[in-house]
Amino acid sequence: MQHRVAVIGGDGIGPEIVHEGCRVLEAAGERFGFDLEFTEFPIGADRYLETGELLTEDDLAELGRFRAIYFGAIGDERVRPGILEKGILLALRFHFDQYVNLRPIRLLSGVTTPLAGKGPDEIDFVVVRENTEDFYVGIGGRQARGRGHQDLEVLRSLYSVKFGLDIESDAEELAYQIGVVTREGSRRVMEYAFDLAMRRKRKVSSVDKANVLSDVYGLWRDLFTEVARGYPSVTTEFTFVDAVTMWFVKNPEWFDVVVTPNMFGDIITDLGAMIQGGLGLAPGGNINPRGTSMFEPIHGSAPRYRGMNVANPIATIWAGSLLLDSLGEHEAAAAIVTAIERSIADGVVTRDMGGTASTSDVGDHLVRQLGGRSSP
Ligand code: IPM
Ligand code: MN
């Protein structure tokens, strides 16, 4: 069996952590009897600065021939924030319609959590973040001082009716951004969440802010109720996003599958990363079950540590395990997570986890445990 995987190392520490990830995946392949063929794509800040290209038509056509993309990180101090994030990472998520952002929040054994009295039995849930809608659709505008608001009739009336203000004089500089939730966009990510819950503890929690943003999240709630009807054996609950940040900390054991709109999902999964031991340990998958999916650590490119061989590769290697899972290599995927837990028990961990191992030491150790060769 052979699997073809596209690799985008990207910027900063991206290439070195993905390199370790590819080695570990190969070792898992040797042990479980499949081959991996990696194809690298030079997408990222360097190429952008050289040629002005973020993602080309050719990149997208080529990448579309793969079922899985293994992604490191993007972000570079030479490029204004937002350009690479929107032009590469979000563009890939949207282009390939990767509507599920799957983020396991699981405390591996041997890892310390800042939550007192909680261990691996209490911290084990999955966030299913909607990945193509909400405030990420990129509809918005910004009016500079003195330019007038001719295209903002709705805001103009809102201002005068609701606040009794004249938008021209009282808000002469303003910006707005629109969140979009659709029936189909909500249905598909919720069905994914419920299907996942059927294979776990059969509980799905929905996150929203329907008490204030009642149009967008009112529709979200309606869809949750509709989809839940098809899964009578699954326990469900509605939560508000502000409260959920409280419960993640106080009672993480309540959660099994958490389904959330895009932006709240972004925020609560950084909180999740901390309770599972830090950003160095948090993997994510951007999934289109019928198309091209992409797997990445949820942390950024940490350009300060580029090329120093000190970054923690575990999030990326765990993301590699999610990648194998998506290709049907479930045993190999599980073996990688077990090997990660063993290397933590062996104390082979990087500085952020209180150890002295380098990026490649962690990779070597994992490759050896999986029974492969340890040469890079
Ligand atoms: C994430 C990141 C991205 C997001 C950024 C880099 C665009 O924070 O994957 O969580 O907001 O989704
Ligand atoms: Mn984020």
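Here is what the cut-offs are and how they apply
Here, residues in each chain are numbered from 1, in the same order as that chain's written sequence. As a convention, the first chain written is A and the first ligand written is 1, with the rest following in written order. In keeping with the model being predicted, local features are shown solely for residues with a pLDDT of at least 70 and side-chain atom pairs are shown and tallied solely at 80 or more, while totals for entire chains, interfaces and linings include all residues. Note that water and hydrogens are dropped before the side-chain values are worked out from all heavy atoms of the structure. Helix axes are fitted to C-alpha atoms over the stretch in contact, other axes to C-alpha atoms as well, and angles between N-to-C directions run from 0 to 180 degrees. Numbered from the N terminus, helices here are DSSP runs of H or I no shorter than four residues, and strands are runs of E no shorter than two. In what follows, roughly perpendicular refers to angles from 65 to 115 degrees, roughly parallel to angles under 35, roughly antiparallel to angles over 145, and oblique to any angle outside these ranges. Whether a crossing is left-handed or right-handed is set by the direction in which the near helix is turned from the far one by less than a right angle, anticlockwise for left-handed and clockwise for right-handed. Contacts are assigned to residue pairs with any non-hydrogen atoms lying within 4.5 Å of each other. Polarity classes work like this: nonpolar for Ala, Val, Leu, Ile, Met, Phe, Trp, Tyr, Cys and Pro, charged for Asp, Glu, Lys and Arg, and polar for all others, with Gly in that last group. A pair of aromatic rings is counted whenever rings of Phe, Tyr or Trp (Trp by its six-membered ring) have centres within 6.5 Å, and the orientation is called stacked for planes under 30 degrees apart, edge-to-face for over 60 and tilted otherwise. Burial classification: accessible surface area is computed with a 1.4 Å probe over protein chains only, and a residue below 20% of its type maximum counts as buried, one above 50% as exposed, and the rest as partly exposed. Summary of the distance rule: residues count as near a molecule or strand when at least one heavy atom falls within 4 Å of that molecule or strand. Pairs of N or O atoms within 3.5 Å make up the polar contacts considered here, provided that, within protein, one atom can donate a hydrogen while the other can accept it, and that residues adjacent in sequence are counted only when both atoms are side-chain atoms. Residue exposure ignores everything except the shown protein chains as possible cover, and the areas themselves are Shrake-Rupley values with a 1.4 Å probe. Buriedness of a pocket was judged along seven lines, with at least five required to meet protein on both sides within 12 Å; pockets are open sets of points on a 1 Å grid over the protein atoms alone, cavities are sets where a 1.4 Å probe fits but cannot get out, and lining residues have an atom within 4 Å of a point. Whether a molecule lies in a cavity or pocket depends on its atoms, and more than half of them have to be within 2 Å of the grid points. Within this scheme, the nonpolar core is defined by two criteria: the residues are buried Ala, Val, Leu, Ile, Met, Phe, Trp, Tyr or Cys, and they are joined through side-chain atoms within 4.5 Å. Domain borders in the structure are assigned automatically or taken from a domain database.

### Details of the packing of helix 12 (residues 330-345) against helix 13 (residues 359-369)
Where helix 12 contacts helix 13, the axes come no closer than 9 Å and their chain directions differ by 120°. Accordingly, the angle class assigned to the pair helix 12 and helix 13 is oblique. The two elements helix 12 and helix 13 meet at a crossing, and its hand is right-handed. Across the interface between the two elements, A339, I340, R342 and S343 from helix 12 touch H365, L366 and Q369 from helix 13. Within the contact of helix 12 with helix 13, the residues separate by chemical class into 3 nonpolar, 3 polar and 1 charged.

### Observations regarding the packing of aromatic side chains
Within the structure shown, the criterion is met by 9 aromatic pairs. Ring centres 5.3 Å apart and planes at 45° place the aromatic pair Y217 and F264 in the tilted group. Of this pair, Y217 sits in helix 8 (residues 216-229) while F264 sits in helix 10 (residues 262-275), placing them 47 residues apart in sequence. A single burial state applies to Y217 and to F264, both of which are buried. An angle of 55° between the planes, with centres 5.2 Å apart, marks the rings of F224 and F238 as tilted.

### A closer look at unusual backbone geometry
One non-glycine residue, D97, adopts positive backbone phi at about 50°. With respect to the secondary-structure elements, D97 resides in the loop between helix 4 (83-95) and strand 4 (100-106). Overall, the relative accessible area of 28% leaves D97 in the partly exposed class. Unlike most non-glycine residues, N309 shows phi in positive territory, near 60°.

### Describing the site of ligand 1
Close to ligand 1 lie E85, L89, L90, R93, R103, R129, Y136 and D266, which account for all nearby residues. D266 has a polar side-chain atom sitting 2.9 Å from an oxygen atom of ligand 1. Burial of ligand 1 by the protein chains amounts to 77% of its free accessible area of 320 Å². Here ligand 1 is seated within the second largest pocket. Here the shell around ligand 1 is composed, by residue class, of 3 nonpolar, no polar and 5 charged.

### Some points on the nonpolar core
Counting residues in hydrophobic clusters, the biggest one holds 81 residues, and the most contacted among them are V128 and L324. Looking at which domains feed residues into this core, each of domain 1 (1-107 + 280-376) and domain 2 (112-133 + 181-275) supplies at least three. Setting aside chain neighbours within four positions, we find V128 in contact with V100, N101, L102, V189, Y192, A193, L196, V257, V258, V259 and T260. I43, A45, L60 and I69 belong to the second-largest nonpolar core, a separate cluster that totals 19 residues.

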